[in-house]
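If you want the building blocks of each chain, they are given just below.
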2 protein chains.
Amino acid sequence: MNGADSLCDTLLANDVDVCFANPGTSEMHFVAALDRKPRMRCVLGLFEGVVTGAADGYARMADKPAATLLHLGPGLGNGLANLHNAKRARTPMVNIVGDHATYHVQYDAPLTSDVEGVARPMSHWVKRTLTAGALSADAAEAVGVARQAPGNVATLILPADTAWTELPENTPPVLAPRTAPAQTSAQAVRAAAAAIRSGENVTLMLGGAALRERALNAAGRIARATGVRLMSETSNRRVERGGSRTPVERLPYVIDLAVSKLKDVRHLVLVGARAPVGFFAYPGKPSLLAPADCNQVVLASAEQDLAHALEWLADELGIAADAPRLAPPAAAYEVPQSGRLTGAAVNILIAHTLPEQAIVCDESITQGREFPIYSASSAPHDWLVLTGGAIGIGLPLATGAAVACPDRKVVTLQADGSGMYTLQALWTQARENLDCLTVILANRSYATLHGEMKKVGVEEPGRNARRMLDLQEPHLDWTHLARGMGVEAVSVDTVEGFARALQEGLKRRGPFLIEAVI
Amino acid sequence: MNGADSLCDTLLANDVDVCFANPGTSEMHFVAALDRKPRMRCVLGLFEGVVTGAADGYARMADKPAATLLHLGPGLGNGLANLHNAKRARTPMVNIVGDHATYHVQYDAPLTSDVEGVARPMSHWVKRTLTAGALSADAAEAVGVARQAPGNVATLILPADTAWTELPENTPPVLAPRTAPAQTSAQAVRAAAAAIRSGENVTLMLGGAALRERALNAAGRIARATGVRLMSETSNRRVERGGSRTPVERLPYVIDLAVSKLKDVRHLVLVGARAPVGFFAYPGKPSLLAPADCNQVVLASAEQDLAHALEWLADELGIAADAPRLAPPAAAYEVPQSGRLTGAAVNILIAHTLPEQAIVCDESITQGREFPIYSASSAPHDWLVLTGGAIGIGLPLATGAAVACPDRKVVTLQADGSGMYTLQALWTQARENLDCLTVILANRSYATLHGEMKKVGVEEPGRNARRMLDLQEPHLDWTHLARGMGVEAVSVDTVEGFARALQEGLKRRGPFLIEAVI
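- The name that an unreviewed UniProt entry assigns to chain A is Acetolactate synthase large subunit, with the source organism given as Achromobacter pulmonis.

1. Some points on the overall build of chain A
Link 1 in the chain: Of the regular secondary structure elements, chain A holds 20 helices and 18 strands.
Link 2 in the chain: Expected size for 518 residues packed as a compact globule is a radius of gyration near 24 Å; at 24 Å, chain A falls within 12% of this value.
Link 3 in the chain: Seen through its principal axes, chain A has C-alpha atoms that stretch 65 × 60 × 45 Å.
Link 4 in the chain: The buried share of chain A, reckoned over its 518 residues, is 66%.
Link 5 in the chain: Summarising the internal contacts of chain A: among those between residues at least 6 apart in sequence, 81% fall at separations of at least 24.
Link 6 in the chain: Just so you have it, chain A exposes about 16,700 Å², and 50% of that area is on carbon and sulfur atoms.
Link 7 in the chain: Both charge centroids of chain A, one from 48 positive and one from 53 negative side chains, sit 4 Å from each other.

2. Observations concerning the sheet that holds strand E6 (residues 153-159) of chain A
Residue and element names in this part refer to chain A.
Link 1 in the chain: What the 6 strands build is an open sheet, ordered E2-E1-E3-E4-E6-E5; its pairing is parallel. The sheet is open, and its two edges are formed by strand E2 (41-44) and strand E5 (125-128), each paired on a single side. Between one strand axis and the next, the sheet turns by 20° as a mean value, whatever way the strands run.
Link 2 in the chain: Here strand E3 (residues 67-71) pairs with strand E4 (residues 93-99) via 5 bridges, running parallel. Across the sheet, residue Leu69 finds its bridge partner in E4, namely Ile96.
Link 3 in the chain: Of the strands in this sheet, strand E1 (18-21), E2, E3, E4 and E6 touch helix H2 (residues 28-35), which is tilted by about 145° from E3.
Link 4 in the chain: Sheet strands in contact with helix H4 (residues 72-89) are E3, E4 and E6, and its direction is about 145° off that of E3.

3. Section: the side chain of Asn2 of chain A
Residue and element names in this part refer to chain A.
Link 1 in the chain: With respect to the helices, strands and loops of the structure, Asn2 is situated in the segment before helix H1 (3-13).
Link 2 in the chain: At 3.1 Å, the side chain of Asn2 forms a polar contact with the backbone nitrogen of Ala4.
Link 3 in the chain: Of the polar contacts made by the side chain of Asn2, one reaches the backbone nitrogen of Asp5; its length is 2.9 Å.
Link 4 in the chain: Those residues in contact with Asn2 that lie beyond four places of it in its chain are His29, Arg36, Ala163, Trp164, Thr165, Glu166 and Leu167.

4. A few points about the pairing of strand E7 (residues 202-206) of chain B
It is a general feature of regular strands that their side chains alternate between the two faces of the sheet.
All names here are of chain B.
Link 1 in the chain: For E7, a buried count of 5 out of 5 residues is recorded, marking the element as mostly surrounded by other parts of the structure.
Link 2 in the chain: What you see with E7 is no split at all: Val202, Leu204 and Leu206 on one side and Thr203 and Met205 on the other are buried throughout.
Link 3 in the chain: In the sheet, E7 pairs with strand E11 (residues 267-271) via 5 bridges, with the strands oriented parallel. Bridging across to E11, Met205 finds its partner in Leu270.
Link 4 in the chain: Regarding the hand of the β-α-β motif, the stretch spanning E7, helix H9 (residues 213-226) and strand E8 (residues 229-232) is right-handed.

5. Some details on the interface of chain A and chain B
Link 1 in the chain: On the chain B side, the residues contacting the 99 residues of chain A number 99 residues.
Link 2 in the chain: Summed over both partners, the interface of chain A with chain B comes to about 8,300 Å²; 64% of that surface belongs to carbon and sulfur atoms.
Link 3 in the chain: Between chain A and chain B we count 6 salt bridges in total.
Link 4 in the chain: The residue Arg274 of chain A makes a salt bridge to Asp108 of chain B at a minimum N-O spacing of 3.2 Å.
Link 5 in the chain: Counting the contacts that link chain A with chain B gives 47 residue pairs in polar contact (both at pLDDT 80 or more).
Link 6 in the chain: Elements with a minimum of two residues in the side of chain A that touches chain B: H2, E2, H4, helix H5 (115-119), helix H16 (425-431), helix H17 (447-455), helix H18 (463-469) and helix H19 (478-484) of chain A.
Link 7 in the chain: At 9 residues, the largest contribution of residues to the side of chain A that touches chain B is made by H4 of chain A.
Link 8 in the chain: Residue composition of the side of chain A that touches chain B, grouped by class: 54 nonpolar, 29 polar and 16 charged.

6. Overview of the relation of the copies chain A and chain B
Link 1 in the chain: Of the transformation placing chain A onto chain B, the axial shift is 0.0 Å and the rotation is 180°, giving an RMSD of 0.0 Å. Both copies of the chain, as the preceding transformation shows, are related through a two-fold rotation axis.
Link 2 in the chain: By residue overlap, the copies meet face to face through one surface: 100% of the interface positions of chain A are interface positions in chain B.

7. A look at the pattern of salt bridges
Link 1 in the chain: Counting across every chain of the model gives 67 salt bridges over all chains.
Link 2 in the chain: Between Asp108 of chain A and Arg88 of chain B there is a salt bridge, and its shortest N-O distance comes to 2.7 Å. Of the two residues, Asp108 of chain A sits in the loop between E4 and H5 while Arg88 of chain B sits in helix H4 (residues 72-89), which places them in two different chains.
Link 3 in the chain: For Asp108 of chain A, a relative accessible area of 29% puts it in the partly exposed group.

8. Let's talk about empty space enclosed by the protein
Link 1 in the chain: One pass over the structure, following the stated rule, counts 6 cavities of 30 Å³ or more.
Link 2 in the chain: Of the voids in this model, the largest cavity is the one considered here, and its volume is about 80 Å³.
Link 3 in the chain: Looking at the largest cavity, the residues that line it are Thr25, Ser26, Met28, His29, Ala160 and Trp164 of chain A together with Ala281, Tyr282, Glu452, Lys455 and Val456 of chain B.
Link 4 in the chain: If you list the elements that add at least two residues to the lining of the largest cavity, you get H2 and helix H7 (160-164) of chain A together with helix H17 (447-455) of chain B.
Link 5 in the chain: Its residues assigned to classes, the lining of the largest cavity comprises 6 nonpolar, 3 polar and 2 charged.

9. Some points on the UniProt feature "domain: Thiamine pyrophosphate enzyme TPP-binding" (unreviewed entry) in chain A
Link 1 in the chain: UniProt records the feature "domain: Thiamine pyrophosphate enzyme TPP-binding" (unreviewed entry) at residues 380-515 of chain A, using the numbering of this structure.
Link 2 in the chain: Its end C-alpha atoms 25 Å apart, residues 380-515 of chain A is made of 43% helix and 20% strand.

10. Examining the packing of helix H3 (residues 48-62) of chain B against helix H14 (residues 394-404) of chain B
All names here are of chain B.
Link 1 in the chain: Look at H3 against H14: their axes get within 6 Å of each other, and the N-to-C directions meet at 45°. Comparing their axes, H14 and H3 come out oblique. Regarding H3 and H14, the two cross each other, and that crossing is right-handed. Counting all contacts with H3, which are made through Gly49, Val50, Gly53, Ala54, Asp56, Gly57, Tyr58, Arg60, Met61 and Ala62, the residues of H14 involved are Pro396, Leu397, Thr399, Gly400, Ala401, Val403 and Ala404.
Link 2 in the chain: In terms of residue class, the contact of H3 with H14 is made up of 10 nonpolar, 5 polar and 2 charged.

The rules behind these values
- Residues numbered from 1 in each chain as written.
- Chains lettered and ligands numbered in written order.
- Predicted model: local features only at pLDDT ≥ 70, side-chain atom pairs only at ≥ 80, totals over all residues.
- Heavy atoms only, no water.
- Helix = DSSP H or I, 4+ residues; strand = E, 2+ residues; numbered from the N terminus.
- Rg over C-alpha atoms; globule rule 2.2 N^0.38 Å.
- Buried < 20%, exposed > 50% of the residue type's maximum accessible area, 1.4 Å probe, protein only.
- Contact = heavy atoms within 4.5 Å.
- Areas by Shrake-Rupley, 256 points an atom, 1.4 Å probe, with all protein chains shown as cover.
- Lys, Arg positive; Asp, Glu negative; His and termini not counted.
- Charge placed at Lys NZ, Arg CZ, Asp CG, Glu CD.
- Pairing = 2+ DSSP bridges.
- Axes fitted to C-alpha atoms, helices over the stretch in contact; angles between N-to-C directions.
- Polar contact = N/O pair within 3.5 Å; in protein donor to acceptor, adjacent residues only side chain to side chain.
- Right-handed = clockwise from strand over helix to strand, strands pointing away.
- Buried area = accessible area lost by both parts, 1.4 Å probe.
- Salt bridge = Lys/Arg side-chain N within 4 Å of Asp/Glu carboxyl O.
- Nonpolar A, V, L, I, M, F, W, Y, C, P; charged D, E, K, R; others polar.
- Least-squares fit on C-alpha atoms with pLDDT ≥ 70 in both.
- 1 Å grid on protein atoms, 1.4 Å probe; cavity = no way out; pocket = protein on both sides within 12 Å on 5 of 7 lines; lining within 4 Å.
- Points joined across faces, edges and corners; volume = space filled by probe spheres on them.
- UniProt positions renumbered as here; feature names shortened; annotations may be inferred.
- Parallel < 35°, antiparallel > 145°, perpendicular 65-115°, else oblique.
- Left-handed = near helix turned anticlockwise from the far one by under 90°.

Structure, rendered in structure tokens:
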């Protein structure tokens, strides 16, 4: 056995058994080792942004890290945008990045670059293994770091010679420690309880694991008993919602709406969330969105056990474990029947027909902002969104989620502009026959930027601006793009057509794409 | 006027008048400024790897930098692989990377990242502008650095508030200095001449600007008069070749071939080239490819005036300015007429029919390794190849080259695996109606990796390895992919079919794609 074998063995011993990969020459010994370990499921992405985005989607749903396999600095660079999203989502992930042999780096061959430098901005932890013998321990450390609550992006740099160097047969794998998240303090719980008892306007701002079912149950009891408002951060790793689950309002992305939503808050209780800040700065608008004089209380930080903290808070408030929870809203829309297709119609029809236990991957940007409102009354589902603002995660995220949950339907709401960044994910969906229904919201522009142009005072964009904001001339044809990668697809521009295509897409198993021209 | 206006003015005053762009919200004031400057040609890429690769292709052909416009750390991250190639090519480039407003960074909004950290590994120069008033000077410095021979990647980080802050009307642009490259020394010229006069085996290893016509004329005179061998590095920014130009042999990529080519060299004269090193390390194979005991002489480094150095060397050797040059080879192939299409047939047919002044963008990887041999006798053309080993540059490179040279045919030899990394470039070719003929060499595998697997001793790859090296199940359909982005395309798998498609593609103007299934 060689170093690469021992690395694989340690990953498998720690239950990391899926590897999203885009390998190159320097990783060939690792690929050969993977070939000797059929228990490891290797999933090829034709571009590294697919690999890292899929590893994110996988871990959000599997609640454990996948490995990625990337090729030197440039391969890691290609995966960086979705690593940024994963870092912001606090998704557990173990990146294995091949590099030149230790002794070869000094010669500055063409593919040489500062791999640590590329890794560091988008990783919580970076380490370069220097000998084959150290690989097991380093890999176990990477897994341990990745799994530490709420999750971390760990990047291990693998020089080619550490992979190919022989080790004694039966070199044992190393097990990573499993550490439970810390618990919040009585003081924090009492402070939150005092805020709620004040009788003033209170918002519980939930983030991270506070949006999973057990934590939401506790939050829902508190909200029902006390009247506090439940709100989530704008960008969340995974929200368990729909059915009888506790509904949570999402803080709007648009800054004026967000400020308006928060303007009356007197006590902001943060539960795995951070004090809300503007996604971008704008001249004359605030960076911090909550009123400057509101009382901010941290019930628990993202690193702590959030379900436990909310249950403790409910206890502190004297709310019984079987007290009723905040009720989900009734469907508050009319189902459109016919006519020209609109973004709203797409959102409503998906929300209306969403199957039980669907996983919704949502990179709908402007056209899907109403989706969470319509889908609050949908069947129980998981809702995964863009966390770090680096567009191009929707299709990869769906790919990874489908690998994690082969028995659940994955429905992706994908804006056309951002979908183009990582469209190669469709090929992986076809290759792995993943049960992914993709809906492309084809408005054929960077609509969000059109809005932003107005905000900077440009009412009538000229040629240069239009050519940077419009996706016309030529327009993208997503049915061709999908078929080019082996995914069946239809294009529709009417409500009837979309309803039919949606029904068809939900019925079949395997990848299918609907281009919804709106 | 605001900071963004002054930045545009300075770029234009320094003759940077093309901006390859993929903007986002934080760059909206810059986009609005570009909208007020119709002299700036803005070219949208639907993915940042397209943007940076196109800026590389543009500068290689225009001999001046383009600007790029990128969106924060993740947008820059997406462009990093082709920045790596540009850095290795020493291509002049000015990246404008938007970032949050200076005062907003502290709040760590979701898109916040260490932009300098992302930029540094793939840039020669990185600077963050801190005030609107400093933008002109900083932009001029960026252009000056980028233009400094042999060329540099300069990255300027543009906080949103420096762009939007008002400046006095008529704030003047700042002109960047133009500095001529340094000249080599008499000592270096004498050392090179002594090596050549030794009568022993001498190779002139040419790189960078030594592969442009004027330098090649001098090298061709030296080779003809003295019998020294002319060789180029494996990866070159731009080679002017074909017609009556001096032929130069390319150092092979495959390590055993490269070592064998160099084994008898007694004197290695480096002209803008570095001592050859293996692209990758392999167990038991050397990192340095030339014989350890050969005499290495640096005639001139990449930063120096290489044409002048070679002319000086010819003078020193007493070779007249009008002495005859090394003659180009006669066509040494038979033109295939029919049958199943092969990589060799594609290479020969393209070499045979290449129009005068074509620009060949070559990311053909395994299937095009013979192309430079066949095309040595083609019509005069420029040949641009992958310089840094970060695959996914072919289509963007062609896009930029076509923007720089609208009157020349751009022919791209593109391997299918690497083409998938940045296929979005086809849309820009359609949008700008660029005269780009793309030939996809569709072998439906990462063939280079199959070769590498054999080298690590895996003769019969198993399921995991095959699924990471093969692009089958499903196979990619490039005609659909191209049509999805507005580019007409045909697929052929016979010699006759390819010959016909090639003729058709060369005849028309505008983008066209041939999927050559081999």
